[in-house]
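Secondary and tertiary structure notes
These are the residues of each chain, in order.
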Amino acid sequence: MAAADDARKLKPLLRRNREWARGVEERMPGFFASLQQQQAPSYMWIGCADSRVPANEILGLLPGEIFVHRNVANTVVHSDLNCLSTMQFAVDQLKVRHIIVCGHYGCGGVRAVLTDARVGLVDNWLRHVHDIYKRHRSWMDTLVGDEERLRALCELNVLEQCLNVCESTIMQDAWARGQKVTIHGWIYGLHNGHLKDLDITVSSQEEVEATYRSALAGIFARHSQAPSPSSESRSHSPEPGAEGSTSPPKRVVSVTSESAAAVAARAAAKRAASGHHDHDDNDNDACCGPKKGGNGLFGMLPEQACQLGAVACAAYGVYAAMFRN
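Residues numbered from 1 in each chain as written. Predicted model: local features only at pLDDT ≥ 70, side-chain atom pairs only at ≥ 80, totals over all residues. Heavy atoms only, no water.

**A short note on the sheet that holds strand E1 (residues 43-48)**
Taken in spatial order, the 5 strands make up an open sheet running E2-E1-E3-E4-E5, and their pairing is mixed. Looking at strand neighbours, the two that pair on one side only are strand E2 (66-71) and strand E5 (195-202), the edges of this open sheet. This sheet shows a mean twist of 20° between the axes of neighbouring strands, independent of strand direction. Where E1 meets strand E3 (residues 98-104), 5 bridges bridge the pair, whose relative direction is parallel. Its bridge partner lying in E3, Met-44 is registered against Ile-99. (Pairing = 2+ DSSP bridges. Helix = DSSP H or I, 4+ residues; strand = E, 2+ residues; numbered from the N terminus. Axes fitted to C-alpha atoms, helices over the stretch in contact; angles between N-to-C directions.)

**Some remarks on the packing of helix H6 (residues 108-115) against helix H10 (residues 146-167)**
As a packed pair, H6 and H10 sit with axes 10 Å apart at the nearest point and diverge in direction by 120°. By the criterion of interaxial angle, the relationship of H6 to H10 is oblique. Classified by chirality, the crossing of H10 by H6 is right-handed. Facing Val-110, Arg-111, Val-113 and Leu-114 of H6, the residues of H10 in contact are Asp-146, Glu-147, Arg-149, Leu-150, Leu-153, Cys-154 and Asn-157. Its residues assigned to classes, the contact of H6 with H10 shows 6 nonpolar, 1 polar and 4 charged. (Parallel < 35°, antiparallel > 145°, perpendicular 65-115°, else oblique. Left-handed = near helix turned anticlockwise from the far one by under 90°. Contact = heavy atoms within 4.5 Å. Nonpolar A, V, L, I, M, F, W, Y, C, P; charged D, E, K, R; others polar.)

**Digging into helix H12 (residues 208-223)**
A rise of 1.5 Å per residue sets the reference length of H12, with its 16 residues, at 22 Å; its end C-alpha atoms lie 23 Å apart and thus fit the reference within 8%. Every buried residue of H12 is accounted for by Val-208, Thr-211, Tyr-212, Ala-215, Leu-216, Ala-217, Gly-218, Ile-219, Phe-220 and His-223. (Expected span 1.5 Å × (residues − 1). Buried < 20%, exposed > 50% of the residue type's maximum accessible area, 1.4 Å probe, protein only.)

Below is the structure:
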């Protein structure tokens, strides 16, 4: 009896789906017939499972135009076979040209890391974001206010996840064989619906280190009232000259306060010369197949449905509690 009542409660979703499909077919006759023949998206989206950040809707794209993977706090972990399998299919089979890692301000998972909140199973998943926080802790402690630190860590998380995409065997192999795939790092403002480019755009292995440094400097400059302190390296090797060090680390990605300011200034000058302007500088408040834009199928607004990567599904019940409390 209870199951029958629950089924009836979902019937409005089925009606909305029929209305949505009818509207699409009226605007574009034959759309679904052509869609079932193939999917050939140019973009892959790696985003947060938050119901307020649906990829197709905020990009204004139709089903079939973007391949989507979402999980708690938009993380890319080298042991997560769900995310890696989705990336591999997107790159090797669909031949996407762009992978967009998109976070959002006010992310509940990132906030849990900052406040050291214990919310359940998802705590284990968020250890990856904890590692980012610890890596940049000395600089973040100089920021004024919890919300400023939250905004900064949301941006840092996107930056580090882009680096994880670049360092994956999938991208290493694709670039080695000359495949054209570009990685982008964006962040979304819940309060105004604007996407912001975090200036990490990487098209080859050779660009990774310099682009990471430049983007990190930009984050330092945006959030620091004083010159930024040094950030710890992604390498865990001892610093040259430190106890236990026998040679310089093979790969050190770090930024000093002077280089942060200089790189940020060059980036701003380059954007101004090209006529590019960021979206509102104050916007830092608060199944993955591209044929299945979840909210659109039901005619729903972003906050009314949540799309999840399979690995994150088990943890999402406790993650959702962050937004209720």
